[in-house]
Amino acid sequence: MNEKILVTGAAGYLGSIICEHLLDAGYQVIALDNLIYDQNSLFHLCAHPKFNFVIGDARDEEIMSNLVKDADIIIPLAAIVGAPACKKDPWLAKSVNYEAVQLLLRLRIPQQLIVYPTTNSGYGTKSGETYCTEDTPLEPISLYGKTKVEAELAVLEAPNTITLRLATVFGMSPRMRLDLLVNHFVYAAVTEGYLVIFEKDFKRNYIHIRDVADCMIHGIKNAEKMVGRPYNAGLDAANLSKEELALKVKEYVPNFYLHFAPIGSDPDKRNYIVSNQRLREVGFEAKRNLDEGIQELLKGYRMLGRTKFKNI
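Report on the accompanying structure. (Residues numbered from 1 in each chain as written. Predicted model: local features only at pLDDT ≥ 70, side-chain atom pairs only at ≥ 80, totals over all residues. Heavy atoms only, no water.)

**Quick word on the overall build of the chain**
- Across its full length, the chain carries 11 helices and 14 strands.
- Computed over C-alpha atoms, the radius of gyration of the chain comes to 19 Å, within 12% of the 20 Å expected from 2.2 N^0.38 for 312 residues, which places it in the range of a compact globule.
- Overall, the chain is about 55 × 45 × 40 Å in size when its C-alpha atoms are taken along their principal axes.
- A burial count over the chain gives 54% of its 312 residues as buried.
- Taking all contacts inside the chain whose residues are at least 6 apart in sequence as the whole, residues at least 24 apart take part in 80%. (Helix = DSSP H or I, 4+ residues; strand = E, 2+ residues; numbered from the N terminus. Rg over C-alpha atoms; globule rule 2.2 N^0.38 Å. Buried < 20%, exposed > 50% of the residue type's maximum accessible area, 1.4 Å probe, protein only. Contact = heavy atoms within 4.5 Å.)

Next up, the structure:
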């Protein structure tokens, strides 16, 4: 297998795992990242003969034009991820999350497949009772959600494209993120021992990071029957409220003290459950469950040790 895959934002939380899975599947990987977080999350792949790394910005037309022309498949991961990060620097969010995708669409040719991961946070504030399908109107409530929805629409208007509306991702990665809900709840359980939760009944869907990587590969291998459509990518058994998720974590950390606050609100107002039926119909189903993910996170957090800003 000699297909070359260009992955932008390759050293991020998702990219560090996706690149590993792509190499294991036999693809050549060209990884691009500007290493804005000083991460060294791809060190473990450098010995692989089919791996190459380029330091650069996904908004740099000169770099991107050189890399795109050599690629058979493109996975644009470069993004300012999450509502708080986008709110902190709105210009950067729009530039990376939307304008970089526009540049990519202008540079590529229709024969090059794009598999674009977006977020199911575009569904916004639904009731938490009705399943969102890919035909449910998108009503993003954050700048992050809006930029990703706009980019997805642009991608789907182009030929030979697939978009994956990812549920909230969980699991260990060489470039770890502690702000994602499952990762955060487990981290709070083992470090602070308590958590105050607002709007405990708000629901969300979840997916393991390695299922995301496997889903990408499934999209590449089954592109002919999948192109031109968005797909919800989540774990059907994990349409959970925040309370249900916290109590699941407590099964593994019994001393985890939970306070469900009746007064107060969470700035993240997302509340929805998601159907992943369309993805199942094209032959893919997430298989790593929350129990496995929590146990994995517990092992990983033992390795974090002291941070430079704490004495213990």
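Next comes the rest of the write-up.
**Description of a nonpolar patch on the surface**
- Where nonpolar side chains cluster on the molecular surface, the patch consists of Tyr194, Val196 and Tyr257 and spans about 330 Å² of accessible area.
- Tracing the backbone shows Tyr194 in strand β9 (residues 194-198). (Patch = residues over 30% accessible without salt bridge, like charges linked within 9 Å, V, L, I, M, F, W, Y side chains within 5 Å. Areas by Shrake-Rupley, 256 points an atom, 1.4 Å probe, with all protein chains shown as cover. Salt bridge = Lys/Arg side-chain N within 4 Å of Asp/Glu carboxyl O.)

**Points about the packing of aromatic side chains**
- By the definition in use, this model includes two aromatic pairs.
- Aromatic pair Tyr123 and Tyr272: ring centres 6.1 Å apart, planes at 70 degrees, arrangement edge-to-face. Pair noted here: Tyr123 is in the loop between β5 (113-119) and β6 (131-132) and Tyr272 is in the loop between β13 (257-261) and β14 (273-274), with a separation of 149 residues, a long-range link. Taken individually, Tyr123 and Tyr272 each receive the classification buried, so the pair is uniform in this respect. (Phe/Tyr/Trp six-rings, centres within 6.5 Å; stacked < 30°, edge-to-face > 60°.)

**Points about the nonpolar core**
- Judged by nonpolar contacts, the single largest core of 71 residues is most densely connected at Val7, Leu14, Ile18, Leu22, Ile75 and Ile220.
- The residues contacting Val7, other than those within four sequence positions of it, are Cys19, Leu22, Val29, Ile30, Ala31, Leu32, Ile75 and Leu77.
- The next biggest cluster of nonpolar side chains, apart from the first, holds 20 residues, and it includes Ile30, Ile74, Leu105 and Ile114. (Core = buried A, V, L, I, M, F, W, Y, C linked by side-chain atoms within 4.5 Å.)

**What about the packing of helix α2 (residues 61-68) against helix α4 (residues 90-107)?**
- α4 packs onto α2 with a crossing angle of 45 degrees between their chain directions and a minimal axis gap of 10 Å. The angle between α2 and α4 places the two elements in the oblique class. In the packing of α2 onto α4, the handedness of the crossing is right-handed. Across from Glu61, Met64, Ser65 and Val68 in α2, the residues of α4 making contact are Leu103, Leu104, Arg106 and Leu107.
- Its residues assigned to classes, the contact of α2 with α4 comprises five nonpolar, one polar and two charged. (Axes fitted to C-alpha atoms, helices over the stretch in contact; angles between N-to-C directions. Parallel < 35°, antiparallel > 145°, perpendicular 65-115°, else oblique. Left-handed = near helix turned anticlockwise from the far one by under 90°. Nonpolar A, V, L, I, M, F, W, Y, C, P; charged D, E, K, R; others polar.)

**Quick notes on the sheet that holds strand β1 (residues 4-8)**
- Taken in spatial order, the seven strands of this open sheet run β3-β2-β1-β4-β5-β7-β11, and their pairing is parallel. Looking at which strands have only one partner, the edges of the open sheet turn out to be β3 (51-55) and β11 (230-233). For this sheet the average axis-to-axis angle between neighbouring strands, irrespective of direction, equals 20 degrees.
- As judged from the four bridges shared by β1 and strand β4 (residues 73-76), these two strands associate in the parallel manner. Note that in β4 the partner of Val7 across the bridge is Ile75.
- Helix-sheet contacts for α4 involve β4 and β5, and the interaxial angle to β5 is about 170 degrees. (Pairing = 2+ DSSP bridges.)

**Quick look at the state of the cysteines**
- Evaluated as defined, the whole model comprises zero disulfides.
- Just so you know, Cys132 is unpaired, no disulfide at all, and the nearest cysteine sulfur is the one on Cys215, 18 Å from it.
- For Cys132, a relative accessible area of 2% gives the class buried.
- Summary of cysteine pairing: Cys215 is not part of a disulfide, and the nearest cysteine sulfur, belonging to Cys19, is at 16 Å.
- Judged by its relative accessible area of 1%, Cys215 falls in the buried class. (Disulfide = S-S within 2.5 Å.)

**Details of helix α6 (residues 181-191)**
- Most of α6 is tucked away: eight of the 11 residues are buried.
- Among the residues of α6, Leu181, Val182, Asn183, Phe185, Val186, Tyr187, Ala188 and Ala189 are the ones counted as buried.
- Where α6 is buried, its residues meet α1 (13-24), β8 (168-170), β9, β10 (203-208), α9 (242-252) and α11 (290-302).
- Directly beyond the C-terminal end of α6, a positive phi value near 85 degrees is found at Gly193.

Limitation: the analysis is restricted to geometry and does not speak to function.
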